[in-house]
Amino acid sequence: MSRYILALDQGTTSSRSILFDREGRIVAVAQREFAQHYPRPGWVEHDADEIWVSQASTIAEVLARAGVAAREIAAVGITNQRETVVLWDRATGHPVAPAIVWQDRRTAERCDALRTAGHEARVAARTGLLLDPYFSGTKLAWLLDHLPGARERAARGELCFGTVDSWLAWKLSGGQAHVTDASNASRTLLMNLEGGWDPEMLALFDVPAACLPRILPSANRAGLFARIEGHEVPLAGIAGDQQAALFGQTCFRPGMAKNTYGTGCFMLMNTGERPLRSRHRLLTTVAWDLGARSYALEGSVFVGGAVVQWLRDGLGLIERSSDVEALAASVPDSGGVLMVPAFTGLGSPHWDAYARGTVLGITRGTQRGHLARAALEAIAFQSAEVLAAMRADAEQPLIELRVDGGATVNDLLMQFQADLLGVPVVRPRVTETTALGAAYLAGLAIGVWSSIGQLAEGWQAERVFEPSISRDEAGERMRRWSRAVERARGWDEP
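Residues numbered from 1 in each chain as written. Predicted model: local features only at pLDDT ≥ 70, side-chain atom pairs only at ≥ 80, totals over all residues. Heavy atoms only, no water.

1. Notes on the overall build of the protein
Now for step 1: When its secondary structure is counted, the protein shows 16 helices and 21 strands.
Now for step 2: Taken over C-alpha atoms, the radius of gyration comes to 21 Å for the protein, in line with the 23 Å a tight globule of 494 residues would show.
Now for step 3: Seen along its three principal axes, the alpha-carbon backbone of the protein occupies a region of about 60 × 50 × 45 Å.
Now for step 4: The buried share among the 494 residues of the protein stands at 61%.
Now for step 5: Within the protein, counting contacts between residues at least 6 apart in sequence, those at least 24 apart form 73% of the total.
Now for step 6: Side chains of the protein carry 50 positive and 56 negative charges; the gap between the two charge centres is 1 Å. (Helix = DSSP H or I, 4+ residues; strand = E, 2+ residues; numbered from the N terminus. Rg over C-alpha atoms; globule rule 2.2 N^0.38 Å. Buried < 20%, exposed > 50% of the residue type's maximum accessible area, 1.4 Å probe, protein only. Contact = heavy atoms within 4.5 Å. Lys, Arg positive; Asp, Glu negative; His and termini not counted. Charge placed at Lys NZ, Arg CZ, Asp CG, Glu CD.)

Here it is as C-alpha cells:
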C-alpha cells in the first residue's frame, strides 16, 4: 500500500515539497528559493521555468531524504501562490513572457479606469473581488495587450493561461492537464463565484475562453496523474495557498478563522455553503470544493514577513530573519515609532494601490530595536484591521484565531497580535498547514482519510497566546495606527 502523500507548496519566494504520512505527520521537507525580478518600480516578475525547476528539484530531494520511492506515494497535492499569472505556448510548453506576480502593480491605472467607468459593483457581485492589480484578470489582459499577436493566438487556443497551480499541473502531467481548481479560479476576476468562467467578465477583460484551464474540485477524482521518477501518481488535490491553510487548520465550521503569516498575511473565515458578500471591502472567495463549494471571507495584507526581509536585505539591520525577535525584544516598546510597510500599496480593507511605505515617530532616541519592533507590530496592526472588518461582516463573535506560517515562531509577534485582537491566538502543533491542507485534499480524494471530521479530530494546538492588555489600551493603539495609515495613503498617486 502507498504510504505517503506528497504536497507541493509553491510560494512567492521558494518552492517546497513536504512528504506526509497517513497520520498527517511530516516525514521530510525540501525547499529551494528562486529569483525575484523587479524590472520597474511596482513591477514584480518570476521566471516560470525557474519555478518549475525549483519545484521539481525539491521533489527529487524530499524523496531522497526520506528514502521513499515514487511508487510509495499515494497521491500528490498542489498548493500555490495565488493570482500570479503564467502564459505559455500550448505546443512547446514554454512561457511566452515572465510570470506577473500577485504583488505586481502595473495594472493600477487599468483598474482605476474600470472603476471610474462604473464596473466595480458588477465585478464584485459576480466574482466576490474588487478591482485591484492584485488579481489575475488585469494581469492576463496586460499580457494579451502587450505581446504581439497574443490575443489572437489565445483565441485560437495556441496559448495557455494559468495561475501557478495550472503551470505545475501542466508540467507534472507532461502537458496532459490544463486545469485549475475552484479556489484558484475564484481569484482571477474571471470566474463566477457560484459557477464557472463568467462570460461577462471575459468580455469585460477581453480574455478568450480558449486559453483558460478546466476548473476542477479542490479534491478531485478526475484521473489526473503526475509523472514522478517514471511512475504515474494521482494528482488529486489543488488549492490556493490561503484556502489550503484554512483547510489544513481544519476550520471546517462557519465562523472559524485562520491567519497565515508569510510574505503577506492572509486571514480567512469560513462562511459556509453560500457566499457572504462583504460590506467592508473584504473579499468573498471559494474556500474549497469537495463536490460542493464552501466559501470564505478574506482579508489580504500585502506585506507581512516581507517587512522583516526588508530589514535584513534593504537596511542590513539583521543578518537572518530569525534575528528580528531578539532585536525587537532589546527595547521595551517601539519608542513611539510606527511603520506602515505599504511597499506595494495597501490591501484589505483600504485597497490603495498608491500607498507607499512610511515610518513615523522617529526621534534622536530611535534605535535599531525600535525599528524592528515597529516592523513586527505593523504585521499585527494590519491583521487586526482585517479582523475588525471581518467581524463586522460576519456579525458573529470570533472565539479564537488559528495561525500558521513562518512568522508564527515569533512569540513576541503572536503575543502582540493577541493583545490587539482580544481573543486567543492559537498556534498548531503542525505549522506547515498550507502544505498539510493540500495533502488532506489529495488524501480525501483517494480515500486515505474518510471525512473532514476525521481530519478535525487530529488537529492539535501547540501554544495559546492569551490577550494581556485592556480593550481600551488596544483601542488606543489601533487609533494611532489609523493615523499612520492615513499618512501613507495615496502617496504615489499619479
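2. What about the pattern of salt bridges?
Now for step 1: Throughout the structure, instances matching the rule amount to 40 salt bridges.
Now for step 2: Between R16 and D9 there is a salt bridge, with its nearest N and O atoms 2.9 Å apart.
Now for step 3: Judged by relative accessible area, D9 falls into the buried class, the value being 9%.
Now for step 4: For D21, the salt bridge is made with R25, and the minimal N-O distance between the two is 2.9 Å.
Now for step 5: Each of R82, E83, R187, D241 and E298 takes part in a single network of salt bridges with overlapping partners. (Salt bridge = Lys/Arg side-chain N within 4 Å of Asp/Glu carboxyl O.)

3. A closer look at the sheet that holds strand β16 (residues 293-301)
Now for step 1: One open sheet holds the 7 strands; their spatial order is β15-β16-β14-β13-β19-β20-β21, and the pairing between them is mixed. The two strands at the open ends of the sheet, each matched to only one other strand, are β15 (283-289) and β21 (461-465). Ignoring strand direction, the axes of neighbouring strands in this sheet form an average angle of 30 degrees.
Now for step 2: Inspection of the sheet shows strand β20 (residues 425-428) paired to β21 by 4 bridges, in the antiparallel sense. (Pairing = 2+ DSSP bridges. Axes fitted to C-alpha atoms, helices over the stretch in contact; angles between N-to-C directions.)

4. Some remarks on the nonpolar core
Now for step 1: If you look at the biggest cluster of nonpolar residues, it comprises 126 residues, and the most contacted ones within it are F205, V207 and Y261.
Now for step 2: With residues up to four places along the chain from it excluded, the contact list for V207 reads L140, L144, L190, L202 and L212.
Now for step 3: Counting residues in each nonpolar core, the second largest holds 37 residues, with V164, A177, L224 and A226 among its members. (Core = buried A, V, L, I, M, F, W, Y, C linked by side-chain atoms within 4.5 Å.)

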